[in-house]
Amino acid sequence: MHPDWGQLRESVKGKPWKSALVTSLKAFLGFWGWGEWANIIGSGLKETEIDARNPIAGFFGFEPLHLLWVQFNTFDQNTKKPSRRTVRFGPDDGVLLTLAKVPDGNSFKWYLLARRKYQFGAKDLFFEFLRGWVPDSTNEDRGWKLLGRDLPGLKDSPLVSSIFEQKITSPIWENTADQNNKITRHLIVVTFEEEISQSDLQKMLTDAKIQTEYPDEPNVNAEFLTSHPLVIPLGEAAGMLNAYSELNGKDLYQFGEDFSVSTWALFLIRWGWQFPHLMPEKGNAL
């Protein structure tokens, strides 16, 4: 038993410290509107124990997205040494794989609709599926909310004949080590009435995004967008995504993160039979 942990246990012995700590955390988080989420404080050997004497080491909040990160002073569940643990309070995550199905004679052309953002840590542009937090969304409508947020105009466009939406998975833990939120993955297929070129589709999505983000400045440069829509031929996108499972991924910034790669793998499991040419290279017999 680490002496600091022993001293804490002794100081709260016989006192209702759990309820008092929950009350104080509710009061703190209540300022952000999330106090009702704090209900249980771990205390067993296999649970996280928050230091009741000084529970919060620091916090950071982002009000527009209803997000709050709290760093708690804790004791390591194995060694019982003083440590810290960060927990995110906020909406669950969502990832959206979006495909455009465009008529091409008697068949269709397929495009992946994604987004390009600037990654501050890497100081470079990177590609990823639509993802993130959408306030007030649910597991059922999060796909639609992500579509409306990052690719506005598609849902009500006269060029679109139908939109298919389906969850790829039920909610699963995003990260059980620190950020204890859940994530849902969704698929949307946007079918167009008539043929539209890749460049025209790109312009359509970019113009709609500019109009949404800068309604009073229609001539603003697209590079000022929070995220830039991307239209990529599905075969080309599959090559980038499959490269990671084929152990030859070279470009860190082209869908090189878990959300896109794992969602793509789940898509291939469910719908890959319709796109055998998109499947990754087969492995050797086991």
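Just above sits the structure.
Residues numbered from 1 in each chain as written. Predicted model: local features only at pLDDT ≥ 70, side-chain atom pairs only at ≥ 80, totals over all residues. Heavy atoms only, no water.

**Points about the packing of helix H5 (residues 234-245) against helix H6 (residues 258-271)**
Geometry of a packed helix pair, given as the angle between the helix axes and the separation of the axes. For the pair H5 and H6, the least separation of the axes is 10 Å and the interaxial angle reads 110 degrees. Accordingly, the angle class assigned to the pair H5 and H6 is roughly perpendicular. In this structure, H5 meets H6 at a crossing whose hand is left-handed. Listed contacts from H6 to Leu 234, Ala 238, Leu 241, Asn 242 and Tyr 244 of H5 are Ser 260, Val 261, Trp 264 and Leu 268. Its residues assigned to classes, the contact of H5 with H6 comprises seven nonpolar, two polar and no charged. (Axes fitted to C-alpha atoms, helices over the stretch in contact; angles between N-to-C directions. Helix = DSSP H or I, 4+ residues; strand = E, 2+ residues; numbered from the N terminus. Parallel < 35°, antiparallel > 145°, perpendicular 65-115°, else oblique. Left-handed = near helix turned anticlockwise from the far one by under 90°. Contact = heavy atoms within 4.5 Å. Nonpolar A, V, L, I, M, F, W, Y, C, P; charged D, E, K, R; others polar.)

**Remarks on unusual backbone geometry**
Phi angles above zero are rare outside glycine, and Lys 80 is one such case at about 65 degrees. Within the secondary structure, Lys 80 sits in the loop between strand S3 (67-75) and strand S4 (82-89). Lys 80 sits in the buried class, given a relative accessible area of 4%. (Buried < 20%, exposed > 50% of the residue type's maximum accessible area, 1.4 Å probe, protein only.)

**Concerning the environment of Met 279**
Looking at where Met 279 falls in the secondary structure, it is placed in the segment after H6. Linking Met 279 and Ile 269, residues ten residues apart in sequence, is a C-alpha distance of 9.6 Å. Met 279 has contacts with Asn 242, Leu 268 and Gly 272, leaving out every residue within four places of it along the chain.

**Topic: the environment of Trp 144**
Residue placement: Trp 144 occurs in helix H3 (residues 142-150). A residue is classified by how much of its surface remains accessible, and Trp 144, at 27% relative accessible area, is partly exposed. Here the alpha-carbon distance between Trp 144 and Ile 163, two residues 19 residues apart in the chain, equals 10.0 Å. Setting aside chain neighbours within four positions, we find Trp 144 in contact with Lys 155, Ile 163, Glu 165 and Ile 188.

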